[in-house]
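# Summary of structural features
One-letter residues, chain by chain:
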Amino acid sequence: SLRNSLRNVATRAWMHNRWWVNDPDTLMVRDTETQLTQDEILSQVTLLGLSGNFYFISDDLDQLSPERRAIVNVLLPPLLEGMDVLDLFSSEMPEEVLVPVARPWGSWRLVGMFNWSSEPIERQLPKMLTLDRKKTYHIVDFWERRYLRLQPGTLSPTFHISSHGCVLLGIRSVKPAAQLVATTFHVSQGAEISEWQTTSNTVSLTIYIGRLAHGEVWLALPSRPIAASINDMSLDASAICAIFPGVWSIKCYVNHSGTLRVTW
């Protein structure tokens with residue numbers, strides 16, 4: 001039943017925000033009284049989150065584990081852009097979706113790749129994903145919290161996808177200045193950022209999430225951060241962690257909204 005529901009979400013995605021607001025079946029994330037696996041839960045959350053539809057949770061919220069609540073939280077607030085299904089006319093059960101995201105301070109793409117088969121598979125980036133091979137790209141695997149960098153002239157990375165599982169990627173071209181690489185607060189990896197300002201040695205950004213949340217902001221910076229604060233409250237040095245040369249994770253807590261300031 002879930003497979004049929006997700007097929008409808010994918011094949012009707014093009015209608016969303018054109019004819020109406022699509023209405024998928026309810027979201028199911030409980031880890032008791034269910035036969036759904038963790039991979040199937042993440043595939044469902046990913047496809048619904050990228051679709052831009054509204055959604056309802058059918059589970060008893062009081063019975064959800066903290067881990068499953070955290071999975072639901074990344075969908076809020078809804079990502080409204082809507083998705084493009086890349087293999088709509090070539091796959092009976094679509095497996096590749098794309099969401100372009102644009103904000104005044106930056107743009108990026110979200111790519112969802114799904115494996116509906118009963119065996120794990122290896123897959124590269126979708127062929128219909130047009131990348132300028134003369135540029136360098138940040139690639140972030142959202143669920144695995146993994147950073148990759150695609151350099152000019154190098155082969156596309158290969159992703160292992162479990163049976164009925166998925167990969168959710170955020171892809172941005174590398175910029176010379178301070179840049180947002182990803183966030184862990186939201187399935188969009190950054191659309192919850194409402195303001196962005198930079199100076200010669202400081203970046204300031206406002207996170208509007210509409211709920212209580214712990215998460216990370218990943219930034220590409222010219223040099224190592226020397227200080228960070230949220231709503232003018234200093235963060236401990238342990239909140240700053242290197243992800244990749246020149247890329248840093250800043251852990252913080254947000255009460256509905258918060259302004260993160262990082263100095264290097």
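For the structure given in this document, a descriptive report is provided here.

Moving on to the overall build of the chain. In terms of regular secondary structure, the chain is built from 3 helices and 15 strands. Its C-alpha atoms give the chain a radius of gyration of 18 Å, near enough to 18 Å, the size a compact globule of 264 residues would have. Expressed as a percentage of its 264 residues, the buried residues of the chain come to 52%. Sequence separation of at least 24 residues holds for 65% of the intrachain contacts in the chain that already meet a minimum separation of 6. Of the roughly 13,100 Å² of accessible surface on the chain, 52% is carried by carbon and sulfur atoms. Distance between charge centroids for the chain: 9 Å, based on 23 positive and 26 negative side chains.

Judged from the 2 bridges that link them, strand β1 (residues 84–85) and strand β2 (residues 96–103) form a sheet pairing that is antiparallel. What sits directly across from Asp84, in β2, is Leu98. Linking β2 to strand β3 (residues 106–114), which pair antiparallel, is a turn of 2 residues.

On the secondary structure map, Glu96 appears in strand β2. Although Glu96 is buried, it forms no salt bridge, and the closest oppositely charged side chain is Arg123 at an N-O distance of 4.8 Å. Discounting chain neighbours no more than four positions away, the residues touching Glu96 are Asp84, Val85, Leu86, Asp87, Gly112, Arg123 and Pro126.

The next thing to look at is a nonpolar patch on the surface. A cluster of nonpolar side chains, namely Trp14, Trp19 and Trp20, defines an oily patch on the protein surface of about 400 Å² accessible area. The residue Trp14 is located in the loop between α1 (2–11) and α2 (38–51) in this model.

A separate point is the pattern of salt bridges. All told, the structure shown has 6 salt bridges when counted by the stated rule. With its nearest N and O atoms 2.5 Å apart, the salt bridge here joins Asp59 to Arg30. A residue pair is termed long-range when its members are at least 10 positions apart, and Asp59 in the loop between α2 and α3 (66–73) and Arg30 in the loop between α1 and α2 qualify at 29 residues. For Asp59, a relative accessible area of 8% translates into the label buried. Overall, the relative accessible area of 27% leaves Arg30 in the partly exposed class.

Moving on, we get to the packing of aromatic side chains. Overall, the coordinates contain 7 aromatic pairs when judged by the stated rule. Measuring from ring centre to ring centre gives 5.6 Å for Trp105 and Trp196, while their planes differ by 20 degrees; the resulting arrangement is stacked. Of the two residues, Trp105 is situated in the loop between β2 and β3 and Trp196 in strand β10 (residues 193–198); the sequence distance between them amounts to 91 residues. Seen in terms of ring centroids, Tyr147 and Phe244 are 4.8 Å apart; in terms of plane orientation they differ by 45 degrees. Their pairing is tilted.

About the thresholds
Residues numbered from 1 in each chain as written. Predicted model: local features only at pLDDT ≥ 70, side-chain atom pairs only at ≥ 80, totals over all residues. Heavy atoms only, no water. Helix = DSSP H or I, 4+ residues; strand = E, 2+ residues; numbered from the N terminus. Rg over C-alpha atoms; globule rule 2.2 N^0.38 Å. Buried < 20%, exposed > 50% of the residue type's maximum accessible area, 1.4 Å probe, protein only. Contact = heavy atoms within 4.5 Å. Areas by Shrake-Rupley, 256 points an atom, 1.4 Å probe, with all protein chains shown as cover. Lys, Arg positive; Asp, Glu negative; His and termini not counted. Charge placed at Lys NZ, Arg CZ, Asp CG, Glu CD. Pairing = 2+ DSSP bridges. Salt bridge = Lys/Arg side-chain N within 4 Å of Asp/Glu carboxyl O. Patch = residues over 30% accessible without salt bridge, like charges linked within 9 Å, V, L, I, M, F, W, Y side chains within 5 Å. Phe/Tyr/Trp six-rings, centres within 6.5 Å; stacked < 30°, edge-to-face > 60°.

Limitation: the analysis is restricted to geometry and does not speak to function.
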